[in-house]
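So you can see what is in the structure, the chains are spelled out below.
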Amino acid sequence: MEVLNNTVADKFCGLLQYLCKYKTAFEMVADEVEDENLKTALNGLSIESTQYAEEITNHLRLYGVPHRVETNLMLDCLEDDQTYSSDCIPGQGNELMSICVNSESSITRAYDEILNEYLPLNNLRNVMLYQLNTLKIAFMKIKLLNEARFMTT
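Since the structure is predicted, the reported quantities are computational estimates derived from the model, not experimental observations. (Residues numbered from 1 in each chain as written. Predicted model: local features only at pLDDT ≥ 70, side-chain atom pairs only at ≥ 80, totals over all residues. Heavy atoms only, no water.)

## Section: the overall build of the protein chain
Part 1 of the reasoning: Helix and strand counts for the protein chain come out as five helices and zero strands.
Part 2 of the reasoning: Reading the protein chain from its N terminus to its C terminus gives the helix and strand order α-α-α-α-α.
Part 3 of the reasoning: Scored against the burial criterion, the 153 residues of the protein chain give a buried share of 40%.
Part 4 of the reasoning: Long-range contacts, defined here as pairs at least 24 residues apart, represent 79% of the contacts in the protein chain between residues at least 6 apart. (Helix = DSSP H or I, 4+ residues; strand = E, 2+ residues; numbered from the N terminus. Buried < 20%, exposed > 50% of the residue type's maximum accessible area, 1.4 Å probe, protein only. Contact = heavy atoms within 4.5 Å.)

In structure tokens form, the structure reads like this:
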């Protein structure tokens, strides 16, 4: 008996792809940012993205979920398709804000799509809820730090 159907397994592939894809984006942006607090927050989000992808992959492996989830993750990470929306309003910090909003939207949607499915794996669901909430807080922190760096006193 399969623990997850193919549709849910495909959704996991998508989530893992987003976590891997945006990890690189956060690192690249952190290298260009001069503000140390924002740089630290971006690097932390990059590290968390990798950790979360590994945690989910380990849980899926533990439950014997199809091997293709892990295989697709590795292929997607190697492709490293970096397409970000460039339709941001010109101005200080707006490019970072655009990347942040786009990545938050994609990752949050991917988590929600899985969490809205029937998952007989309660431990994995709890881990994912924790990850989702932590990611939302991290994105909020980055947005606030980005806005604060341009404020004058």
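## Overview of the packing of helix H2 (residues 36–62) against helix H5 (residues 122–148)
Part 1 of the reasoning: Across the interface, H2 lies against H5 with an axial gap of 10 Å and an inter-helix angle of 165 degrees. Judged on the interaxial angle alone, H5 and H2 are roughly antiparallel. Seen from above, H2 lies across H5 with left-handed handedness.
Part 2 of the reasoning: Of the residues that constitute the contact of H2 with H5, the class distribution is 16 nonpolar, six polar and three charged. (Axes fitted to C-alpha atoms, helices over the stretch in contact; angles between N-to-C directions. Parallel < 35°, antiparallel > 145°, perpendicular 65-115°, else oblique. Left-handed = near helix turned anticlockwise from the far one by under 90°. Nonpolar A, V, L, I, M, F, W, Y, C, P; charged D, E, K, R; others polar.)

## Considering the pattern of salt bridges
Part 1 of the reasoning: Applying the stated rule across the entire model yields three salt bridges.
Part 2 of the reasoning: The salt bridge partner of Lys-23 is Glu-27, with a shortest N-O separation of 2.6 Å. Taken as a pair, Lys-23 and Glu-27 lie in helix H1 (residues 6–32) at a separation of four residues, close to a single helical turn.
Part 3 of the reasoning: Taking relative accessible area as the criterion, Lys-23 reaches 22% and is therefore assigned partly exposed. (Salt bridge = Lys/Arg side-chain N within 4 Å of Asp/Glu carboxyl O.)

## Section: the environment of Tyr-22
Part 1 of the reasoning: Within the secondary structure, Tyr-22 is located in helix H1.
Part 2 of the reasoning: Given a relative accessible area of 4%, Tyr-22 falls into the buried group.
Part 3 of the reasoning: Residues Tyr-22 and Ile-99 lie 77 residues apart in sequence; the distance between their C-alpha atoms is 9.0 Å.

## Structural notes on the packing of aromatic side chains
Part 1 of the reasoning: Enumeration according to the criterion identifies three aromatic pairs in this entry.
Part 2 of the reasoning: Note on Tyr-18 and Tyr-22: the rings are 6.1 Å apart at their centroids and 15 degrees apart in plane angle, and the pair reads as stacked. Separated by four residues within a single helix, Tyr-18 and Tyr-22 lie in helix H1, roughly one turn from each other.
Part 3 of the reasoning: Residue Tyr-18 is classed as partly exposed on the basis of its relative accessible area, which comes to 24%.
Part 4 of the reasoning: Grouping aromatic residues by their ring pairs yields a cluster made of Tyr-18, Tyr-22, Phe-26 and Phe-139. (Phe/Tyr/Trp six-rings, centres within 6.5 Å; stacked < 30°, edge-to-face > 60°.)

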